[in-house]
Amino acid sequence: MGFTFTLLLALALLHIALGASVGQDSRIRYDNYSVYKVKYESLGQRNLLRQLAEDRHNFRLWHEAKDELHLMISPYGLPEFQAEVLKANVSAEIFIPNVQELIDVETAENSRASSDEFGWKKYNSLAEIEDWLDDILARYPVITEGFVLGTSYEGRTIRGLKISYKSGNPGVFIESNIHAREWITSATATWLINQFLTSEDPLVRTLAESHDWYIVPVLNVDGFVYTHEKDRMWRKTRQPSEISACVGVDPNRNYDSHWMENGGASSNPCAEDYGGPHAFSEPEIQAMSDFVGSIKEKLNVMLAFHSYSQLLLSPYGHTKEEYPENFDDLMEVAKAYGDAVEAFPYGTVYRYGSAAGILYPASGATNDWAYNEQGIEISYTIEFRDTGRYGFILPPVHIVPNAEEALIGITALLDKCKTLGYLELKYDL
């Protein structure tokens with residue numbers, strides 16, 4: 001008995017040291033990792049729970065709202081988690097019992113859907129997305145134009161696509177897959193591109209042809225490739241730290257807009273929301289800033305695609321004590337999106353509010369930076385499906401329904417923007 005217990009303890013300690021296991025194909029596995037929804041009431045309770053996430057081998061923060069956390073927990077971290085739940089006097093509910101099972105199902109569905117034809121029955125790799133963009137540019141040379149934001153830390157080109165049917169249109173910028181593991185975002189962005197170019201629906205044609213679209217399907221190219229080849233649950237960039245063995249920065253905390261203020265990002269290089277050694281430390285975010293800055297007079301709307309939670313988040317993220325001057329308009333526009341999506345056949349419910357008000361302080365994010373530093377008055381983070389059943393590992397069967405909701409929501413959003421006078425031409429580039 002003593003020997004068996006000692007052996008199990010040694011194996012547990014080894015697992016803690018190494019983190020998740022590595023499969024035969026060198027991919028990191030999350031066998032028996034579970035995800036819990038933890039409800040809390042006070043800041044003290046929140047801080048106790050967030051301290052767990054400092055141990056990234058056993059705990060990963062998936063989602064945080066103003067009254068709950070979603071934590072992924074290794075099987076060897078469960079005793080500590082249970083002790084902290086009792087200590088903090090909070091309630092915890094499991095909603096994903098085995099993360100690896102979801103990843104395996106997703107991988108199997110992707111394999112079954114694999115073919116030479118690009119589509120939305122599976123999640124596509126960066127290489128597949130880039131080949132598809134090349135094909136789009138070849139087939140629609142008059143309407144489309146490729147652009148390059150810059151180069152990632154690992155030397156990959158960060159590409160985008162402009163769709164313009166006529167001069168004088170207001171501009172809409174869509175940033176996607178800034179967080180590597182949020183695959184539904186690039187799937188939705190590419191589906192929208194396809195609809196803008198091929199749909200014969202009169203409403204879609206009006207939407208597509210009445211705006212200039214600047215769409216970056218994958219901003220965090222290095223992290224995205226890493227999620228496909230090594231670690232499905234990776235969130236950050238891939239630039240090594242000079243002060244830690246931990247790799248990467250949260251790119252959505254790296255913009256130079258109230259960077260690191262009010263606890264809106266972590267200074268710990270191992271944290272999932274690490275803001276970086278300084279603003280714009282990540283070449284991907286510097287490239288995004290440079291490009292958007294060069295065309296900001298053409299842009300009326302900024303939409304940053306994320307998952308998950310089904311939310312529309314306006315500025316400000318760095319504080320909940322202040323609100324933008326046009327906050328009432330931002331809420332009216334967000335309501336139009338939410339109402340349109342809920343009225344759609346799937347009945348999906350989106351909540352809306354300021355990022356800090358409905359969630360938590362998040363400084364250095366795209367929506368704040370676009371609003372505060374670039375003067376783009378309509379700026380949102382859109383958190384797609386779902387609310388926790390699958391989290392980041394949303395099955396491919398959800399791709400088209402989610403994208404359809406995004407299309408109907410964006411249509412309503414832009415209609416409301418036009419009514420409120422936000423789509424007036426700023427400058428014709």
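Bear in mind the structure is a predicted one, so any value in this text is a computation, not a measurement.

## Here we look at the overall build of the protein chain
A tally of regular secondary structure across the protein chain gives 13 helices and 14 strands. Taking 22 Å as the expected radius of gyration for a compact globule of 429 residues, we find that the protein chain reaches 21 Å, a close match to that expectation. Its C-alpha atoms give the protein chain principal-axis dimensions of roughly 75 × 50 × 45 Å. Here the protein chain contributes 36 positive and 61 negative side-chain charges, whose respective centroids are spaced 3 Å apart.

## Description of the environment of E377
The topology assignment puts E377 in the loop between α12 (366–374) and β14 (378–384). Spatially, the C-alpha atoms of E377 and P401 are 29 Å apart, while their sequence positions differ by 24 residues. Those residues in contact with E377 that lie beyond four places of it in its chain are N300, N326, L330, Y371 and Y422.

## A look at the sheet that holds strand β6 (residues 91–96)
The strand order across the open sheet formed by four strands is β4-β5-β3-β6, and the pairing between neighbours is antiparallel. Whereas interior strands pair on both sides, the edge strands pair on one side only; in this sheet they are β4 (59–64) and β6. Put simply, the sheet's adjacent strands are angled 30 degrees from each other on average, direction ignored. Note: strand β3 (residues 34–39) against strand β5 (residues 68–73), six bridges, orientation antiparallel. Bridge pairing links V38 to L69 in β5. With respect to the sheet, helix α3 (residues 78–88) is in contact with β3, β4, β5 and β6, its orientation differing from that of β3 by roughly 5 degrees.

## A short note on the nonpolar core
Ranked by internal contacts, the top residues of the largest apolar core, which has 81 residues, are F173, W213, L303, Y337, Y380 and L413. Tallying contributions element by element places helix α6 (residues 183–198) first for this core, with nine residues. The next biggest cluster of nonpolar side chains, apart from the first, holds 16 residues, and it includes L102, I103, M233 and F392.

## A short note on the packing of aromatic side chains
Counted by the stated rule, this structure contains 23 aromatic pairs. For the pair Y308 and F392, a centre-to-centre distance of 4.9 Å together with 75 degrees between the ring planes defines the contact as edge-to-face. Of the two residues, Y308 sits in the loop between β11 (299–307) and β12 (311–314) while F392 sits in the loop between β14 and α13 (399–419), which places them 84 residues apart along the sequence. We classify F392 as buried; its relative accessible area is 4%. Ring centres of Y337 and Y350 lie 5.5 Å apart, and the angle between their planes is 70 degrees; this geometry places the pair in the edge-to-face category. In this pair, Y337 sits in helix α10 (residues 327–343) while Y350 sits in the loop between α10 and β13 (351–354), placing the two residues 13 residues apart along the sequence. One residue, R389, lies across the ring of Y390, its end atom 4.4 Å from the ring centre.

## A word on helix α4 (residues 99–113)
Between its first and last C-alpha, α4 extends 22 Å over 15 residues, near the 21 Å set by a 1.5 Å rise per residue. Capping the start of α4 is the job of one residue whose side-chain oxygen sits 3.1 Å from the backbone nitrogen of Q100: N98.

## Quick look at the environment of P361
Mapped onto the elements, P361 comes out in the loop between α11 (355–358) and α12. Separated by 150 residues in the primary sequence, P361 and H211 have C-alpha atoms spaced 32 Å apart.

## Brief notes about the pairing of strand β10 (residues 212–216)
Where burial is concerned, most of β10 is hidden: five out of the five residues are buried. Side-chain alternation along β10 places D212, Y214 and V216 on one buried face and W213 and I215 on a second face that is also buried. Relative to β10, strand β8 (residues 157–163) is paired through three bridges, and the arrangement is antiparallel. Looking across to β10, one finds that L161 is bridged to I215. In the sheet, strand β9 (residues 171–175) pairs with β10 via five bridges, with the strands oriented parallel. Bridging from a neighbouring strand, E175 pairs with V216 of β10.

## Considering the packing of α6 against helix α7 (residues 202–209)
In contact at an axis separation of 8 Å, α6 and α7 are set at 100 degrees when each is read in the N-to-C sense. Looking at the two axes, α6 sits roughly perpendicular to α7. The residues of α7 that touch α6, namely those facing Q195, F196, L197 and T198, are V204, R205, L207 and A208.

## Regarding the UniProt feature "active site" (unreviewed entry) in the protein chain
Annotation from UniProt places "active site" (unreviewed entry) at E383. With respect to the helices, strands and loops of the structure, E383 is situated in strand β14. Overall, E383 belongs to the buried group, its relative accessible area being 12%. Those residues in contact with E383, other than ones at most four positions away along the chain, are H306, S307, Y308, S309, Q310, L311, L313 and Y350.

## Structural notes on the state of the cysteines
Tallying each qualifying case throughout the model produces one disulfide. A disulfide bridge connects C246 with C270, and the sulfur atoms are separated by 2.0 Å. The sign of the S-S torsion, about 85 degrees, decides the handedness of the disulfide formed by C246 and C270: right-handed. Of this pair, C246 sits in the loop between α8 (221–229) and α9 (283–295) while C270 sits in the loop between α8 and α9; the two residues are 24 residues apart in sequence, bridging distant segments of the chain. Comparing C246 with C270 shows no difference in burial state: the two are buried.

Cut-off values and rules
Residues numbered from 1 in each chain as written. Predicted model: local features only at pLDDT ≥ 70, side-chain atom pairs only at ≥ 80, totals over all residues. Heavy atoms only, no water. Helix = DSSP H or I, 4+ residues; strand = E, 2+ residues; numbered from the N terminus. Rg over C-alpha atoms; globule rule 2.2 N^0.38 Å. Lys, Arg positive; Asp, Glu negative; His and termini not counted. Charge placed at Lys NZ, Arg CZ, Asp CG, Glu CD. Contact = heavy atoms within 4.5 Å. Pairing = 2+ DSSP bridges. Axes fitted to C-alpha atoms, helices over the stretch in contact; angles between N-to-C directions. Core = buried A, V, L, I, M, F, W, Y, C linked by side-chain atoms within 4.5 Å. Buried < 20%, exposed > 50% of the residue type's maximum accessible area, 1.4 Å probe, protein only. Phe/Tyr/Trp six-rings, centres within 6.5 Å; stacked < 30°, edge-to-face > 60°. Lys NZ or Arg CZ within 6 Å of the ring centre and 35° of its normal. Expected span 1.5 Å × (residues − 1). Polar contact = N/O pair within 3.5 Å; in protein donor to acceptor, adjacent residues only side chain to side chain. Parallel < 35°, antiparallel > 145°, perpendicular 65-115°, else oblique. UniProt positions renumbered as here; feature names shortened; annotations may be inferred. Disulfide = S-S within 2.5 Å.

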